[in-house]
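Architecture and fold: a report
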Amino acid sequence: MKKLLPFSFVLVTLLGVIVANLYLLHKELGDFYNLVIEEETARVKSLVEGTLAGGGDPVEAIASYMQSSKLLKGATFSLEGREIIIPGSDVSDNYYKVTITAEPFKFTLYYDFHYVRELNKHIVYALLSLVVFTLIFIAVLFAILREYYKEKILLENERKEKDKLESINLVIHSILHEVKNRLNAFRLLLYKVEKDCKSLAIDSLKEEIVNLSRYVEETANLRKPLKLVKERVNLKTLVETTVSQFRDLLSSREIEINLSLNNCVVTGDREKLKSVVVDLLKNAVEAIGKNGKIEIVCEKRKNDCILEIRDSAVKPFDKGKIFSPFYSTKKNGFGLGLYNVKRIVEAHGGKVEVFQTKDRTVFRLIFPIS
């Protein structure tokens, strides 16, 4: 807004100069006609006094003068307490009246001043129109400038976010490179252990290593579009399977979980959809801490599958930034979980919403039905 101050000052100054000039024109026009009337009155008075001095009839002299005057439209005179209208006079209250005295007569002269009034009226109208149109122009201009600077600020924020993301992505990439090396070594060790013994735990461990490797690859390519391995996925089954992995954690923290799930089939990447549910469940558990409640609802609405994860924790957050990368309300959070949730949901053609009520926080995922 500081950049707009000089421009605003110029506009206000220009408007002030125009208004002042119109006011001066109005005043000078009034002064000019007052001067004209004074001169006309002086001529009439001189005519009356000269006529009286020569023994003539001043009433007849004024009547004759009115016929050639463009300003003097009428006159009356007082004699012995009576006011008499001079023949040929046009007497009206709308005319400008001036009184002159020439003993024993007292004359009232009526001047047609409506031209000045009309002109002044037009000047006043012009002044008001100018002020109104100038104010409208300034308002529209400021609205345009506001939108311009608003868009400029958004673009600048996007640029800063992009620069921030690129710099952090560089750090993450180097870290993930080292993690990938350690995962490869872990695979070799697991292969040797597998040769010596067989168990379900080893199979689960292998699956988790595969999932972790995939997550590492995706995080390393944080800015690249997601590649989906699509298949038909029943969200009810997906949620039930995912929640079963959290049962021990939920029990240890005394968190109650309630499921209200209807069969709802979408086309999507099973593992990525599972990671969405995992991230939202983790967030809910961490937000609650202990002795809380989580509710998961899945239902069909028209052509969409609605999946809501509700938790009893109501903690403040910036609604405009909650899905931005590296924004976190947790002290040690990286701010990538909800960013990935949004990326994955939108990659499936859906959208994610978040809102709070008096006693809970709700994440709503909307997927198009297959």
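Residues numbered from 1 in each chain as written. Predicted model: local features only at pLDDT ≥ 70, side-chain atom pairs only at ≥ 80, totals over all residues. Heavy atoms only, no water.

Looking at the overall build of the chain
- Helix and strand counts for the chain stand at 8 helices and 11 strands.
- Taken across its 370 residues, the chain has 34% of its residues classed as buried.
- Sequence separation of 24 or more characterises 67% of the internal contacts of the chain that already satisfy a separation of 6 or more.
- With the model as given, the accessible surface of the chain reaches about 23500 Å², and the carbon-plus-sulfur share is 57%. (Helix = DSSP H or I, 4+ residues; strand = E, 2+ residues; numbered from the N terminus. Buried < 20%, exposed > 50% of the residue type's maximum accessible area, 1.4 Å probe, protein only. Contact = heavy atoms within 4.5 Å. Areas by Shrake-Rupley, 256 points an atom, 1.4 Å probe, with all protein chains shown as cover.)

Observations concerning the environment of Val 285
- Following the sequence through the fold, Val 285 ends up in helix H7 (residues 270–288).
- Residue Val 285 is classed as buried on the basis of its relative accessible area of 3%.
- Residues within four places of Val 285 in sequence aside, it is in contact with Leu 249, Leu 250, Arg 253, Ile 255 and Ile 294.

Description of the environment of Glu 308
- If you trace the backbone, Glu 308 turns up in strand E9 (residues 304–311).
- Glu 308 gets classed as buried once you look at its relative accessible area, which sits at 3%.
- If sequence neighbours within four positions are ignored, Glu 308 has contacts with Glu 295, Ile 296, Val 297, Arg 301, Val 362, Phe 363 and Arg 364.
- In terms of polar contacts, Glu 308 uses its side chain to reach the side chain of Arg 310, at 2.6 Å. (Polar contact = N/O pair within 3.5 Å; in protein donor to acceptor, adjacent residues only side chain to side chain.)

Considerations on the packing of H7 against helix H8 (residues 337–347)
- Where H7 contacts H8, the axes come no closer than 9 Å and their chain directions differ by 145 degrees. Taken as a pair, H7 and H8 cross one another with a handedness that is left-handed. In this structure, H7 contributes Lys 272, Leu 273, Ser 275, Val 276, Asp 279, Leu 280 and Asn 283 to the contact, and H8 contributes Gly 337, Leu 338, Val 341, Ile 344 and Val 345. (Axes fitted to C-alpha atoms, helices over the stretch in contact; angles between N-to-C directions. Left-handed = near helix turned anticlockwise from the far one by under 90°.)

Here's the deal with the state of the cysteines
- Applying the stated rule across the entire model yields 1 disulfide.
- The partner cysteine of Cys 264 in its disulfide is Cys 305, sulfur to sulfur 1.4 Å. Between Cys 264 and Cys 305 the disulfide shows an S-S torsion of about -105 degrees. By sign, it is left-handed. In this pair, Cys 264 sits in the loop between strand E6 (256–261) and strand E7 (265–269) while Cys 305 sits in strand E9, placing the two residues 41 residues apart along the sequence. Assigned by exposure class, Cys 264 and Cys 305 land together as buried.
- For Cys 298, which is in no disulfide, the shortest distance to another cysteine sulfur is to Cys 264 and amounts to 4.9 Å. (Disulfide = S-S within 2.5 Å.)

As for helix H2 (residues 58–68)
- Listed in full, the buried residues belonging to H2 are Pro 58, Val 59, Ala 61, Ile 62, Ala 63 and Met 66.
- The distance from a side-chain oxygen at the start of H2 to the backbone nitrogen of Val 59 is 3.1 Å, and the residue carrying that oxygen is Asp 57.

Some details on the pattern of salt bridges
- Inspection of every chain in the model, using the stated rule, returns 12 salt bridges.
- Measuring nitrogen to oxygen at the nearest pair gives 2.6 Å for the salt bridge that ties Arg 43 to Glu 40. With a gap of 3 residues between them, Arg 43 and Glu 40 both fall in helix H1 (residues 4–53), about one helical turn apart.
- Under the relative-accessibility criterion, Arg 43 is labelled partly exposed at 44%.
- One salt bridge connects Glu 299 with Arg 301, and the closest N-O pair in it is separated by 2.6 Å.
- For Glu 299, a relative accessible area of 24% translates into the label partly exposed. (Salt bridge = Lys/Arg side-chain N within 4 Å of Asp/Glu carboxyl O.)

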